[in-house]
Every structure is written in C-alpha cells, then in structure tokens.
Amino acid sequence: MLVDRERELAQLSALVEDVVNGRGRALFMRGEAGIGKSALLEASRSAARERGVRVLWVAGVESETELAFSALYDLLSPVISRRSVLPAPQSAALASALALAPVVPGDRLAVCVATLRLLEHAAADEPLLVIVDDLPWLDSASRECVMFTARRVQGQLAVLLAVRDDDHGGDMAALIGHLGVMVVPRLEHAAGLQLLKHAAPDMVTAVAEEIAEAADGNPLALRGLADALDPAQRSGRAELPIPLAPDRQLSDLYQARIAALPRDTRLALLVAAAYQVDDLRIIGSACTALGADVHTLAAAEEVNFVRIWAGRLSFAHPLVRGAVYHRSPARQRRSVHAALAGVLQGEERAWHLGASALAPDEDVARELQAAGEAAMSRRGPGPASAALERAARLSPDAKQCAGRLLAAGEAALAAGVPDRALALLGQAAESTTDGAIRAVAQHRMGQTLLACGQLPAAIDVLTREAELAKTNHPSLAAAMMSEAAQACNVAADCRRARRLAEEAATLIEPTAPLEVRAQVAAMLRTVRAFRGALDRTDPLLADADRLTQSVDPLSPAGQSISLALNLRLWTGDFERVRDDALATCARAQEAGALAAVPMLLVTLAECQYRLGDWPAAERTAAEALVTGQETEQPTAAGHAQVIMARLAATRGEDEQGCRATMAATMAMAEAAGARSGLPFASATLGLLELGLGRIVPAIEHLERVAQLYEDSGMEEPTLIPWEADLIEAYLRAGDIDDAEATLAVMGRRAAAAGIPTARAPHRRCRGMIERDFDEHFRAALQTDDQRPMPFERARTLLAYGRRLHRTKRRAEARAVLHDAFSGFRTLGAAPWLAQAEAELLAAGGRRSSAKQEISSATLTPQERHVAETIARGVSNRQASAELFSSPKTVEFHLMHVYRKLGISSRAQLAEALRRIDGGC
C-alpha cells in the first residue's frame, strides 16, 4: 500500500507519458533506506506496462558488487539477442564483457557505448523504461554503463534510478546531479498512522502513536516494528520495546527476527545472503555441503524476509540481506563462502575462496589474481582491483604481494578511484626491495597525481624517482622525466619543462619500448615549441610523427599522439592535422580507446576554428567537452570550453555566459595549479571585449596574458594569438608606446618561429602602427595566402581598410572593407561584422546594401542550417541525425535562433525565415 505518495506517483506517471510521447529522459530517485523507493518503482513498472511501455529491471545486490558486469548481464538479458545490430567493435566489447564471447582488449567505455546503442535499438520498436533499484550496489562496471546511458537518454528510452540517501547516494548525486531528481521524503505522522492501520488493524491508537513516533516516517521501520510486536503489545497489554530508531535499532530488530528462525533456516539464509547470483540450485548445493536443507528457507519466506519463485530467490529488502550477513559470526561466514567455492567455478569460485581464507595461501591468491585479470580484460577495473588487492593480502611471498598490489593500484586508477590507487601503489612501493617493482609503482603514483591535478606532488614524485632509476632503468627514468615535463607545462613552468624533457632525451635507450620513445620525442619537441624554438624542418617533428603512428591508443603513451598532432597544428599544417586527427579518432574508437579521444577532438576543433569551419568546430568542441568530462580529463574538457567560448566571443553570442564560463575555467585552473589554462581563458575574454569595442577591459585581460607568458617562460606565438589583439587594443586606446613595445616582442617571437601563422599577424600589426603601412598589409595578406585563416584575414582587411580611410583613400578603403565585411559575414562573426559595417558606411558605402547584407548574417551558418531543418517540421532528434550533431546542440542553436528572430515557437519559424530572405 502506498500512502501519501501522490506527488511522487505524479512524477513517475509524467516520466511514463514522456517516454510514450518520444521525450525520454532520466529520473534519479533518492531517499533513505526503507522509505518506499522499491514500492514506487513497482508502481512505475505497473503504470508503464499499462501504457504499453516495455520495462527492463535490475536491482543492485551488495554481495555482487565485486562481480564485473553481473548487473548489466541481468539488465540486458531480454534484449541481448539484438546485439548483432551493433557495429562489430561494440558488439564484441559487449559480448566480451558479459562473458558471451572470447575476451577482446579495449577501453571499458566501449561497453558503455554498446549498452546505450543496444537499448536505443530496442526502444525504436516500442517505448522502453529501464529501472535500476539500489544503484550503488551494482558492480562498478555495470553502474558506469547505466550512468553513461542515463546521461544520454532521449526519444522512446527513459531511465529511472533509485539510490539510498546515504554516503553512496551522495556520491551518485554528485556524479549525475544534472539529471532530474525526485527526493522521496519521510511520511507525515498522520500518513504513518494510516499505514500502520492498514498493516496492523488490531493495533490500538496509543500503541500506533508510539510506533509512528519511533519510526519517524520510515515505512519499512513502521512495518518492521509493527510485525515485531506480539498480540499483547499490539493491544497495549504489554510494554513496548521502545524508544526505537529506524537505523541501528531496525538492524537489531532484524537480528531478533532472524534469531527466531530455525537453525537450518538461518544457515540457508546466510548462504543466500553470501551468494552473488541468487540461483536456488547453487544455494541448495552449498546448503547440502554444510549439512543444511535449502527447503527450510520457506520459513524465511513466511515472515517476508525472502521471496522465492522460478528457481530464484530475492530478499524483501537489501537491509534484510545486510542484517543476515553482517550480524552472522565471522567464522560462520567463512564456512559459507568455502561451501559456495566448492560448488562454483571460475571468477565466482575465486571470490568465495578469497572470502573464506583465514591465512596467506598462494593457491587462493593465484586464483584471485586470475579472476582480477579476467575482470580487467572485460573492462571491469573496479572488481579487478578488489580481486588483485585480496590476492596480494593472501600472498605469502613479499615480491608477489608487491606485484599484485601494483596491479591492483593500476586497476584502481583505470577505474577512476585515484585515492585508492595512490594507497595501493604506495603500499606496493613500500613493501618490496625489488627495484623494478618499486620504480614502476612510483611511476604510476606520479601519473595518478598528474591525472588528479596534484601537480606539485606529481612533479616531486616523478623527478625524485627518475633520479633513482637513472642507473638501472634509464628508459623508465626517461618516461618519468618526460611526464614531469608535461606536469611542468600544465603548471606553466615552461623553463623547467624544457630542462626535464631534454634530460629525458639523453636517457632514452635505442632499445626502449616504442611507446616510451614516442612519448619522449613528442614531449621534447613540445617543450621546445613552448619556448619559441619551433622549426618546421626540425627532424624531431618527423620522429614524433613516425613513432606515434605505431602507438597503441590504449597504452599510457597514447597521449603522445595528441602531442605530435599539436606540433603540426602549431606549424600551420591545418589540413593535415585535421585529416590525421579524424583518422586517429576513428582508430581509437575502433580499438575501444575512448579515453584517447577527447584531446584528439580538441586538436580537431582547433583546426576547424582556424580553417574557418566554425559550425564543425562548435560540434567537435561540444563533443570534446562531453567526452572529456566522461573520461575525467579536466584539461581536455577545459580546453574544449575555451574553444566554445572563443566561438561565442567571435560570433557575439551569449557574452555573459562566455564571461561566466571563462571565470569558472580560470578558478578551476588556479585551484588545481594548472596555470597554463589561465592565458587561454584571459585571451578569450580579451578577444570578446575587443570585438564588442570595450577597449579598457580588453586591455586588462590581454595584459594579464602578457604577464602570464612572462612568468611561465612561454614564447610560442601561435598557440594563444593574444599579441595582435593587445596591440590593436592599445592603438584603439591611443597608447602608441605600449603598442610599439608589444610589437617588438611579437616580432622577435615571429622571427624565431619562422612560420606564416606567426608572420602574418605581425605584419598586420606593423601596418597598423607604421607610417608606410601598405607594404606591411600587403605582405600580411600574401603571407595569409600561404596559410589561410579566414578570421585573421578578415581582421587584416578591416585594419587595412581603417588605415586607408584615415588617410583619405576612401575608394580604396571601401573595396578593402567590403572584402572584410564579406569575410566576417561568411563566418557569422557578428561583432566584427558590425565594426566592418560602421567603417564601410563611414567611408561612403551604401547603407541599404550594408543593411541588407547584415540582415542575411543575423543567423550564423549553423543556426541557419538548424532553422531551415526544423522549419520543415522535423523533430529535434530527426534534425540532429540529419545534421550529424547531438539533440542538445540542435536545442542550443534553436534557442539562439528564437532569440535573434524574436519568436517563441516552431510555428513562427518558417515565416521568420521568409522575412529574412525577403529582405524585410
């Protein structure tokens, strides 16, 4: 019976109606243990079936949390036969994870993608609701797939998640807090009395009042306390065992009810609580081995502890399972696990052997290690880490123990549990005298600290351990120094980064693994580029390219691929970098190495921005942001945000949002010590203000970039093109001296770089300052021809037109300004288009012609494409498929279209587009 749950039932009904109408979404249900979440889930299942919605259901079980993908197998079993519709790599990854096919290597996120696509395919035939009860008690690998899916549901697919509102629930809320959340509150006192009246009609009012007060609105506590009373207590003839609370006392209550069961029933119940799959055949076999009778579980069913059906057993509530297991003596639990191990095989047997062991045992440790390695190969790093750690604890040999702790730490790092990884790796390093194991453990600790953003600690560990490893393990020392150089770059200490990278290059051996050689070569060239020594003919460029072509995207050296591509980006080989980034992304995705994708997408978005393909750059950056967040790569996600903000700044879109995003990015960079992100964000804000004609704040932001460059030792002139912006801002403010001083520094850096992307803006700035400007502007445009960047070229034309206008050469100015106007119009750079229009009109251009061109540029090319597609009457989901973008991106553009056109509905869209095309 559901009491006082009208609001919650209405929300669940709305979820069902939404999925029926193709507006699928995810809902996150939170509430304390026993609050009635399972009853609400059951109500939603019934409502869904009445509306013709198919339901897939899985419930987390505490004893299964270490068995990788066990919950996912239960969830997908009804639709797993459809996996043949998936792309081959996804189908293979899913089949491997669920132990339906031989193990194949790959990134664990490939299983997440396959899960989503399989459910989407099933939902295409009929509306589908996925219900997950007790989410935190799913094994970590299954939980990751469920949350990946929940963040992307749409159309006829919806997800309903339930979680206890305890420490685990808080973690879940933090991870998926952007989903819709329904908090299930405690019952009001009157509602509690109503529930008690239904559950125990013979209970007198005075007793009911005391029980309701003790249960404090928790339905499970209400029922449990009522069931525990004998007739005399219910009638008020006997004293009640209160005050009681619904947490510890409720557990005590379960224990009292368990103790009242027959001995064989208690033992069989413990077997069921310790088991992982709730298969009555296995439970019965283990009971037989212990001298118990599985049929005695009927007594537990009579008191509503368990439910038995079709050869399966489920507990009435997870609290019952926990009370049965944790309140049993440890000796008895070990005996039960030993009995289960005797009737199981493979990974399950290993887990129960480990739980039954009382002393170190190499045979058990070996089985657990094999189980951990199997879980890791199936992309279940969380369970793998637990198995390997248990194997280490049971290892009689110190070296074996250290090696298994090292493997457990590596798996914990892969599972995204860095604190646990650091603890395990530290134990591995401290527990052995084996220099190789210790060095690798310390290396992994440094990598973990770097991934966590603990840059000073990462640099300290990596440099210290590299010094110790120089003599006996020079290639390992080179890898550590190279990674320390990367950490220094992120921390904006380019001088030290170069010293470390150059020393790493002296240590590397010709016989070193390919991945290490690729990493060292790419990092050496990167730090030299940061210090301004960028030469397109440098043989290190070719070495980095050659070595990274054979690097496995799954390996830790996969980052060297992005480093090598970035080197080419800085030299201006945009088309080549674009093509290589696309190819490498495809290669990484085919291998299931989704973690390698975000930085590749960032590089691709940078290419697309510089080549003037801004709609593609926006889509790519948005994808990089999402994948960077999903794979917990804050650097990639932050860089993607900068690109998106830069696009917004140049287009004149959402300037307040741009400022807020960059302010948040800078705050996060400062907090993490990742100061290399600060000049990117400040330069973006400077560009925004310059485009809007707000010169004073533009100068403030850009001068900060100059100071950050000076502090860090950064000399590379094209990675963050801020100097030309600062010179223009100084000139528009009338500050000639500072403009000339900045131009001198810019000239030195451009000469050192020797590439068109550095020379062209430098010549433009000389044209803006020097008296004989024609030569410099023409040289800038000629250099642009060698390496075209449409936005920079349009800015050169605008600056040239301004100088021509100021020197009374109005006819020449109009011709040049018209070209600038056309360039900005094609890009959709609204603030710069407005500047070009104002200058063109002031030089004698025709207002009507300019206004007509302005009207056609109201929408960016991507906005116009989205608007025309939606105006045909298609849905956002259909439009996203046509435009090869996500529904959220379509919604984002559509929101801007409505705002710019002054409309509020799809019905008005077609007419608004006709008005634009008619010149009104």
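What you see is a predicted model; the values in this text were computed from it and never measured.

Novice: I keep staring at empty space enclosed by the protein and nothing clicks. Help me out?
Specialist: Over the atoms, a rolled probe matching the size of one water molecule traces out where space is still vacant. Under the counting rule described, the total for this entry stands at four cavities of 30 Å³ or more. If you add up the space inside the largest cavity, you get close to 510 Å³. As for the largest cavity, its lining consists of 35 residues, of which Thr718, Ile720, Pro721, Met789 and Glu792 are closest to the centre. Of all elements in the fold, only α31 (597-610), α33 (634-651), α35 (677-691), α37 (723-732), α38 (736-753), α39 (756-769), α40 (774-786) and α41 (790-806) reach the threshold of two or more residues within the lining of the largest cavity. Per-element accounting of the lining of the largest cavity gives the leading share, six residues, to α39. Looking at side-chain class alone, the lining of the largest cavity contains 20 nonpolar, five polar and ten charged residues.

Novice: Looking at this structure, how should I read the packing of helix α23 (residues 435-451) against helix α25 (residues 474-490)?
Specialist: Two numbers describe a pair of packed helices, the interaxial angle and the distance between the axes. Where α23 contacts α25, the two axes come as close as 11 Å, and the packing angle between them is 15°. In this view, α23 runs roughly parallel relative to α25, as classed from their interaxial angle. Taken as a pair, α23 and α25 cross one another with a handedness that is left-handed. Across the interface between the two elements, Ala439, Val440, His443, Gln447 and Leu450 of α23 pack against Leu476, Ala479, Met480, Glu483, Gln486 and Ala487 of α25. Looking at the contact of α23 with α25, its residues break down into seven nonpolar, three polar and one charged.

Novice: Help me understand the confidence of the model for the protein chain, please; the structure alone is not making it clear to me.
Specialist: Low pLDDT marks stretches whose predicted atomic positions should not be read closely. Of the residues in the protein chain, 86% have a pLDDT of 70 or more, and the chain-wide mean is 83. pLDDT under 50 marks residues 167-171. Its contacts with residues more than four places away, or in other chains, come to four contacts.

Novice: So what exactly am I meant to see when it comes to unusual backbone geometry here?
Specialist: The phi torsion of most residues other than glycine is negative, and most of the peptide bonds are trans. Here the phi dihedral of Asn304 falls at roughly 65°; this positive angle occurs in a residue that is not glycine. By secondary structure assignment, the location of Asn304 is in the loop between α15 (297-302) and β6 (306-309). Even without being a glycine, Ala310 presents a positive backbone phi close to 45°.

Novice: I would appreciate a short explanation of the nonpolar core in the present structure.
Specialist: The tendency in soluble globular proteins is for nonpolar side chains to be buried as a group. By size, the foremost hydrophobic cluster in this structure holds 93 residues, and its most contacted members are Trp722, Ile727, Phe791, Phe824 and Trp832. What Phe824 contacts, discounting residues up to four positions off in sequence, is Phe791, Ala794, Arg795, Leu798, Ala829, Trp832, Leu833 and Ala836. Formed by 49 residues, the second largest nonpolar core is a distinct cluster that contains Leu422, Leu462, Met480 and Ala674.

Novice: For this particular structure, what's the right way to read the pattern of salt bridges?
Specialist: Any two side chains of opposite charge can pair if their charged atoms end up close together. Applying the stated criterion across every chain, the model contains 51 salt bridges. Note that Arg366 is salt-bridged to Glu362, the shortest N-O span being 3.7 Å. Taken together, the residues Arg366 and Glu362, both in helix α19 (residues 362-377) and four residues apart, mark about one turn of the helix. Its relative accessible area of 44% is what places Arg366 among the partly exposed residues. Given the relative accessible area of 18%, Glu362 is considered buried. Here Arg438 makes a salt bridge to Glu465, at a shortest N to O gap of 2.6 Å. Of this pair, Arg438 sits in helix α23 while Glu465 sits in helix α24 (residues 455-469), and the two are 27 residues apart along the sequence.

Novice: It is not clear to me how the pairing of strand β1 (residues 26-31) should be interpreted in this structure. Could you clarify?
Specialist: Sheet faces and side chains relate simply in a regular strand, where the side chains alternate between the two faces. A large share of β1 lies buried, amounting to five of its six residues. Taken together, the six bridges between β1 and strand β4 (residues 157-164) define a ladder with parallel strand orientation. Note that in β4 the partner of Leu27 across the bridge is Leu160. With four bridges joining them, β1 and strand β5 (residues 180-183) adopt parallel strand pairing. When the sheet's bridge partners are listed, Met29 is paired in β5 with Met182.

What counts as what
- Residues numbered from 1 in each chain as written.
- Predicted model: local features only at pLDDT ≥ 70, side-chain atom pairs only at ≥ 80, totals over all residues.
- Heavy atoms only, no water.
- 1 Å grid on protein atoms, 1.4 Å probe; cavity = no way out; pocket = protein on both sides within 12 Å on 5 of 7 lines; lining within 4 Å.
- Points joined across faces, edges and corners; volume = space filled by probe spheres on them.
- Helix = DSSP H or I, 4+ residues; strand = E, 2+ residues; numbered from the N terminus.
- Nonpolar A, V, L, I, M, F, W, Y, C, P; charged D, E, K, R; others polar.
- Axes fitted to C-alpha atoms, helices over the stretch in contact; angles between N-to-C directions.
- Parallel < 35°, antiparallel > 145°, perpendicular 65-115°, else oblique.
- Left-handed = near helix turned anticlockwise from the far one by under 90°.
- Contact = heavy atoms within 4.5 Å.
- pLDDT = per-residue confidence, 0-100.
- Core = buried A, V, L, I, M, F, W, Y, C linked by side-chain atoms within 4.5 Å.
- Buried < 20%, exposed > 50% of the residue type's maximum accessible area, 1.4 Å probe, protein only.
- Salt bridge = Lys/Arg side-chain N within 4 Å of Asp/Glu carboxyl O.
- Pairing = 2+ DSSP bridges.

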